[in-house]
Amino acid sequence: MMEQPVDIQIFGRTLRINCPEEKRAELNRAAKYLEKQLQELKERTKISNVEQLLFISALNICYDLNQEKAKFQNYTVSIDRGIQSLKDTVSRAISEHNTQTLQTNNIKKI
């Protein structure tokens with residue numbers, strides 16, 4: 001996985017970033033996303049200072065990322081609970097089956 005320099009344009013500035021060939025499409029999507037966020041923020045806030053726009057955009061993106069992480073953690077907990085519930089149900093079913101089998105075997109012996 002050899003990294004090659006890639007030039008990307010974000011908000012009128014060129015950045016040269018080392019990136020593996022197979023990750024270039026993802027890098028370009030990320031750059032386009034950041035460009036869109038910066039443009040929307042600039043229009044919404046009328047802030048023209050690029051550094052300020054970058055910091056605010058970074059904070060907004062981090063906030064969104066943290067929200068998604070929290071959703072994922074809640075989803076994971078919910079899935080874990082569902083799996084445990086299924087395990088409990090299967091264990092009860094096996095236990096009941098074993099109990100019925102023992103009772104049936106005891107009846108046959110009498």
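Source: prediction; values computed, not measured. As a convention, each chain's residues are numbered from 1 in the sequence order in which they are written. Note on the predicted model: pLDDT of at least 70 is required for a residue's local features to be given, and 80 or more for side-chain atom pairs to be given and counted; whole-chain, interface and lining totals, by contrast, use all residues. Values shown for side chains rest on all heavy atoms present in the structure; no hydrogens or waters enter the calculation.

1. Some thoughts on the nonpolar core
A general trend in soluble globular proteins is that nonpolar side chains are found buried together.
Thought 1: Core analysis: the largest hydrophobic core is formed by 12 residues, namely V6, I8, I10, F11, C19, L27, A31, L38, L41, I47, V50 and L53.
Thought 2: Elements represented by at least two residues in this core include exactly β1 (3–10), α1 (24–45) and α2 (50–109).
Thought 3: By the criteria applied, helices consist of DSSP H or I runs no shorter than four residues and strands consist of E runs no shorter than two, each listed in order from the N terminus. Per-element accounting of this core gives the leading share, 4 residues, to α1.
Thought 4: The contact rule is simple, with two residues in contact once any of their heavy atoms fall within 4.5 Å. Aside from chain neighbours lying at most four places away, what touches V50 is F11 and R13. Residues belong to one nonpolar core when they are buried, are Ala, Val, Leu, Ile, Met, Phe, Trp, Tyr or Cys, and are joined through side-chain atoms within 4.5 Å. Exposed residues in this analysis have more than 50% of their type's maximum accessible area, buried residues have under 20%, and partly exposed residues fall in between, with area computed by a 1.4 Å probe over protein chains only.

2. Some thoughts on the pairing of β1
Thought 1: For β1 and strand β2 (residues 13–20), the ladder comprises 8 bridges, and the chain directions are antiparallel. Each bridged residue has a counterpart across the sheet, and for P5 the counterpart in β2 is N18.
Thought 2: Following DSSP output, two strands are said to pair if at least two bridges run between them. Taking the residues that link successive antiparallel strands as the turn, the β1-β2 hairpin has 2 residues, and the phi of F11 there is positive, at about 55°.

3. Details of α1
Thought 1: For a helix, the expected span equals 1.5 Å multiplied by the residue count minus one. Across its 22 residues, α1 extends 31 Å between first and last C-alpha, which sits within 8% of the 32 Å expected from 1.5 Å per residue.
Thought 2: Listed in full, the buried residues belonging to α1 are L27, A31, Q37, L38 and L41. Along the axis of α1, the buried positions cluster into a sector of 125°, meaning they face one direction only. Exposed residues lying more than 90 degrees from the buried face of α1 are R29, K32 and R44.
Thought 3: Looking one or two residues beyond α1, the residue adopting positive phi is K46, at roughly 65°. By arc we mean the arc of the directions from the helix axis to the C-beta atoms, nothing more.

4. Observations concerning the pattern of salt bridges
Once their charged atoms are close, side chains differing in charge can pair, the charge on each being opposite to the other.
Thought 1: Counted as salt bridges are all cases of a side-chain nitrogen of Lys or Arg within 4 Å of a carboxyl oxygen of Asp or Glu. The tally for this structure, following the rule as stated, stands at 4 salt bridges.
Thought 2: Across the salt bridge formed by R16 and D7, the nearest N and O atoms sit 2.8 Å from each other.
Thought 3: Residue R16 is classed as exposed on the basis of its relative accessible area, which comes to 61%.
Thought 4: With a relative accessible area of 45%, D7 lands in the partly exposed category.
Thought 5: Taking the shortest distance from any N to any O, the salt bridge between E68 and K71 comes out at 3.1 Å. On the criterion of helical spacing, the pair formed by E68 and K71 is a turn pair, its members being 3 residues apart in helix α2.
Thought 6: Taking relative accessible area as the criterion, E68 reaches 45% and is therefore assigned partly exposed.

5. A short note on the environment of S95
Thought 1: Along the polypeptide, S95 turns up in helix α2.
Thought 2: You can call S95 partly exposed: its relative accessible area is 40%.
Thought 3: Sequence separation of S95 and R24 is 71 residues, and the distance between their C-alpha atoms is 55 Å.

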